[in-house]
Amino acid sequence: MPWNRQQIAARAAQELQDGWYVNLGIGIPTLVANLLPEGIDITLQSENGMLGLGPYPTPDQVDPDLINAGKETITELPGTSYVSSAESFAMVRGGHMDATILGSLEVAENGDMANWIIPGKMVKGMGGAMDLVSGTPRVIVLMDHCARDGSPKFRKHCTLPLTGLNVVDMLVTDLAVFKRNNRQGLFHLVEKAPDVSLDYLQQKSEAQFTW
Amino acid sequence: MANKKYDTAQAALDGLLFDGMTIAVGGFGLCGLPETLIIALRDSGVRDLTVISNNAGVDDWGLGLLLQTRQISRMVSSYVGENKEFERQHLSGEINLEFCPQGTLAERIRAGGAGIPAFYTRTGAGTVVGEGKEERIFDGERYIMETALKADLALVKAWRGDDKGNLLYRKTARNFNPVVATCSRMTIAEVEEFVPAGAIPADAVHTPSVYIRRMTLARINEKRVEKLVTRTKD
């Protein structure tokens, strides 16, 4: 029984600790905002220049001058600050954020990731992803374990142009959770979705991992 | 006090435009865009532009308007995913695109405005972004050299501008505007409201007046929302 998107996001949310400053990417990572553990204080950053993201607005609160990095309407909280794009990425590049959670097209067994371009096909750009993965001490990737055609996304080497070299610390897929220490060595399997066997996981992964 | 105010966007652009020029434009997505100046730029017919801007607008708004008319020949951006016409022109080779990571883009513009010709960053090291760039190791980590960006003309959008040219931005409409304002010797601010000098508290000024040469009132304030997401009241 693979985990669904909500369950993947909820699993990632469990990793966050009281007082952390966290950047959430678009897609499944966005769901993490609504699944934060009770009783802990997490400040969400949006790289377009906002520290302290609030919930989505009610229809009468919509403000076109107030959007997140996914260009969705959002609200502010007491304690929110607005900054320029340069300041926003200084926070990221300077290593001041605690974690970033983002989606990916591929993750390799050595922690490389590729999530920004499929040459000749999808040419959208990297946005802030390269800055986020190279500047944040904890990078958590959420993605489906396999592509729609069934091919593995957890690979020996990335086949797509890289977003960052050796940057991924934790991988949560619909089938399992993997972690690695200090960006050295292989990922270690720490959790499997219900009724997913080790054999099945290895079959669906091109990457080597320890267990 | 020197008068920096121009009655129309067209008047503010008068005498500044030439084919092949480089223009930096503030905004993130459709938020904090100098909408009136972009339309005046389109109507001027100036061509073969290099545009430095985080995004390329959408098909029928923002910088997308200048793509429709083929006035842009080169763009430096981090993300163009909301614009199908851009993707088409790029894939067919009609437009030259330099992808630049968003934080690196902001810093290259900041550096351009601050007289710093280049800097080193980890962002993009070991990826296609680092190809052909000088690489150095600091404290055991790979860094690539990125060069500053400057523009012949910079266009920004602010919430309030005072008589002196000091600017205040509003919420996430600030984004790239403060750095874009610095990267040219000729920056025009499109403001939603003119206020007297002193009305923006000196401690609260976001862009000091030295960076602003000309100002004009925002006559188009559509402020389109790209992704309207709401919740029901609790």
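Above this note sits the structure.
Residues numbered from 1 in each chain as written. Chains lettered and ligands numbered in written order. Predicted model: local features only at pLDDT ≥ 70, side-chain atom pairs only at ≥ 80, totals over all residues. Heavy atoms only, no water.

Caption draft 1: Highlighting the packing of aromatic side chains. For the structure shown, the criterion picks out eight aromatic pairs over all chains. Plain terms: the ring middles of Trp116(A) and Phe99(B) are 5.8 Å apart, the flat faces sit at 90° to each other, and that makes the pair edge-to-face. Here the residue Trp116(A) occupies a position in the loop between strand E7 (113–114) and strand E8 (117–118), and Phe99(B) occupies one in strand E5 (residues 96–99), the pair thus bridging two chains. A relative accessible area of 5% means that Trp116(A) is categorised as buried. Assessed through its relative accessible area of 16%, Phe99(B) is described here as buried. (Phe/Tyr/Trp six-rings, centres within 6.5 Å; stacked < 30°, edge-to-face > 60°. Helix = DSSP H or I, 4+ residues; strand = E, 2+ residues; numbered from the N terminus. Buried < 20%, exposed > 50% of the residue type's maximum accessible area, 1.4 Å probe, protein only.)

Caption draft 2: Just the interface of chain A and chain B, in detail. With 49 residues of chain A in contact, the opposing surface of chain B contributes 51 residues. Across the interface of chain A and chain B, roughly 4,200 Å² is buried in total on both sides, 59% from carbon and sulfur atoms. The tally of links between chain A and chain B comes to four salt bridges. Across the salt bridge formed by Asp65(A) and Lys223(B), the nearest N and O atoms sit 2.8 Å from each other. At the boundary of chain A with chain B, the tally comes to 29 residue pairs in polar contact (both at pLDDT 80 or more). Broken down by class, the residue content of the side of chain A that touches chain B amounts to 21 nonpolar, 17 polar and 11 charged. (Contact = heavy atoms within 4.5 Å. Buried area = accessible area lost by both parts, 1.4 Å probe. Salt bridge = Lys/Arg side-chain N within 4 Å of Asp/Glu carboxyl O. Polar contact = N/O pair within 3.5 Å; in protein donor to acceptor, adjacent residues only side chain to side chain. Nonpolar A, V, L, I, M, F, W, Y, C, P; charged D, E, K, R; others polar.)

Caption draft 3: Representation of the side chain of Lys71(A) in the model. Looking at where Lys71(A) falls in the secondary structure, it is placed in the loop between strand E3 (50–53) and strand E4 (76–82). Lys71(A) sits in the buried class, given a relative accessible area of 3%. Ignoring sequence-local partners within four residues, the contact set of Lys71(A) consists of Phe28(B), Gly29(B), Asn55(B), Tyr79(B), Glu82(B), Glu226(B) and Lys227(B).

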